[in-house]
Every structure is written in C-alpha cells, then in structure tokens.
Amino acid sequence: MPPFKCNHDGTCTEIRLCCTDTEMTLTKKDAKRIDALGYNREDYLIRMDDGFCQIRNIEGRCYFYNPDQLTCRIYSHRPEGCKYYPIVYNVEKGKCVVDYDCPSGKTVTEEDIEEICDKVKFLVTVLMKEADCRDGPC
Ligand code: SF4
Ligand code: SF4
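Structure report, in brief.

Parameters at a glance
- Residues numbered from 1 in each chain as written.
- Chains lettered and ligands numbered in written order.
- Predicted model: local features only at pLDDT ≥ 70, side-chain atom pairs only at ≥ 80, totals over all residues.
- Helix = DSSP H or I, 4+ residues; strand = E, 2+ residues; numbered from the N terminus.
- Rg over C-alpha atoms; globule rule 2.2 N^0.38 Å.
- Buried ≥ 20, exposed ≤ 12 C-beta atoms within 10 Å, placed from the backbone.
- Contact = placed C-beta atoms within 7 Å.
- Expected span 1.5 Å × (residues − 1).
- Bend = angle between axes of the 7 residues up to and from the residue.
- Core = buried A, V, L, I, M, F, W, Y, C linked by C-beta atoms within 7 Å.
- Near = placed C-beta within 6 Å.
- Nonpolar A, V, L, I, M, F, W, Y, C, P; charged D, E, K, R; others polar.
- Pairing = 2+ DSSP bridges.

### Details of the overall build of the protein chain
Logical step 1: A tally of regular secondary structure across the protein chain gives 4 helices and 8 strands.
Logical step 2: Taking 2.2 N^0.38 as the reference for a compact globule, 138 residues should give roughly 14 Å; the C-alpha atoms of the protein chain span a radius of gyration of 15 Å, in line with that estimate.
Logical step 3: If you line up the protein chain on its principal axes, its C-alpha atoms span 40 × 35 × 25 Å.
Logical step 4: The buried share of the protein chain, taken over its 138 residues, is 29%.
Logical step 5: Taking all contacts inside the protein chain whose residues are at least 6 apart in sequence as the whole, residues at least 24 apart take part in 68%.

Here it is, written out as structure tokens:
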C-alpha cells in the first residue's frame, strides 16, 4: 500500500483525476496480473511511439475506470505506477518527486517519498528497459 492518503480533501470525489486522460504505462508483470482477471491486453493497452505500453483511455477516462461507481475496476490489482502515484520518478532530476496535480499531493511527506522511492525508481528502470527493447506487454 502507498504510504500517503488519497483524496481526503474531496477534490477528486466526482472524477479521479489520476484516472482521467491517463498516461499510465505498464510492465509485463502488471499486464500478466490484469490478464489473469479475464481482460485482454489488446483491448486495454496501446503501444506508444517511444515503445512504452500505455493504458487506453475510453472517452477520456482510463479503460478500467468505472464512471458509474467512480472507482477503479481493478483496484486491488491496479498497475504498480497507480499504487505509487502521486509519487513519481523524475528522470531528468534523477529523483522521486510529488505530482502536485494530485490534490492529495500536499499530504505526502519527505518520509513517505524516502520510504517508497527505491520501488518507484526500480519500476521506472523496468519500464524503460522493456520500452527500449520493444519487449513490453503490448
Ligand atoms: S491519487 Fe490524487 S489524483 Fe488520484 S484520486 Fe487520489 S487525490 Fe485524486
Ligand atoms: S488502473 Fe485504475 S487506478 Fe490506475 S489509472 Fe486506471 S482506473 Fe485509475
């Protein structure tokens, strides 16, 4: 579980911002876990020009977003990047940072970042390696 608390100021109650126009990229491990739920990766993934495999958006929302219930259909199996958000790895700065587009970003502490950063960094390494080798899940 991520160390920070999501959505406690109510700003995301109608639409989960991080599930809107998502650019979330998946590893082979993520896709294998989601396929096991009965989904077909040809339906929910799209290969980008840079080789990354990104979740498809349907009408501006993540493929897995349920607009009726305002929830993620695969929440307990969601991609690793979704679990760590709003802590993200900034490749140019070479460090983990908070994406303050997320209204809960301000609740993330330096200790939270420190606790999770190695995992975020490793995830980015895997994603970049799979994209470089055109060896991702899509
Ligand atoms: S992680 Fe941030 S952007 Fe996503 S639903 Fe929670 S508060 Fe909103
Ligand atoms: S997989 Fe779930 S948590 Fe991740 S962007 Fe899609 S709907 Fe949101």
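### Side note on helix α4 (residues 110-132)
Logical step 1: Between its first and last C-alpha atoms α4 spans 31 Å; for 23 residues at 1.5 Å apiece the expected length is 33 Å, and the two agree.
Logical step 2: Taking the largest bend as the criterion, α4 deviates by roughly 50 degrees, centred on I116.
Logical step 3: Of all the residues in α4, the buried ones are V120, L123, L127 and E130.
Logical step 4: Where α4 is buried, its residues meet α1 (28-35), α3 (80-84), β7 (87-90) and β8 (95-98).
Logical step 5: Looking one or two residues beyond α4, the residue adopting positive phi is R134, at roughly 50 degrees.

### Thoughts on the nonpolar core
Logical step 1: One finds L45, I55, Y85, I87 and V120 to be the most contacted residues of the largest nonpolar core, which totals 27 residues.
Logical step 2: At the level of secondary structure, the elements contributing two or more residues to this core comprise α1, β2 (53-55), α3, β7, β8 and α4.
Logical step 3: Sequence-distant contacts of V120, defined by excluding residues within four places in its chain, comprise Y84, I87, V88, Y89 and C96.

### So, the site of ligand 2
Logical step 1: Lining the immediate environment of ligand 2, one finds 14 residues, of which C19, C62, Y65, C72 and C82 sit closest.
Logical step 2: For the shell around ligand 2, the class distribution of residues is 11 nonpolar, 1 polar and 2 charged.

### Let's talk about the pairing of β8
Logical step 1: Every second residue of β8 is oriented toward a common face, the buried set being C96 and V98 and the non-buried set K95 and V97.
Logical step 2: Linking β7 to β8, which pair antiparallel, is a turn of 4 residues; within it G94 sits at a positive phi near 70 degrees.

### Let's talk about unusual backbone geometry
Logical step 1: In this structure, the amide linkage connecting Y85 to the following residue, P86, adopts the cis form with an omega of 15 degrees.
Logical step 2: As for its position among the elements, P86 is in the loop between α3 and β7.
Logical step 3: At E59, a residue that is not glycine, the phi angle is positive and equals roughly 50 degrees.
Logical step 4: With respect to the secondary-structure elements, E59 resides in the loop between β3 (57-58) and β4 (61-62).
Logical step 5: Even without a glycine there, the phi angle at R134 is positive, about 50 degrees.
Logical step 6: Take R134: it is sitting in the segment after α4.

### Some remarks on the environment of R16
Logical step 1: Inspection of the secondary structure puts R16 in the segment before α1.
Logical step 2: Excluding residues within four positions of it along the chain, R16 makes contact with Y65 and L70.

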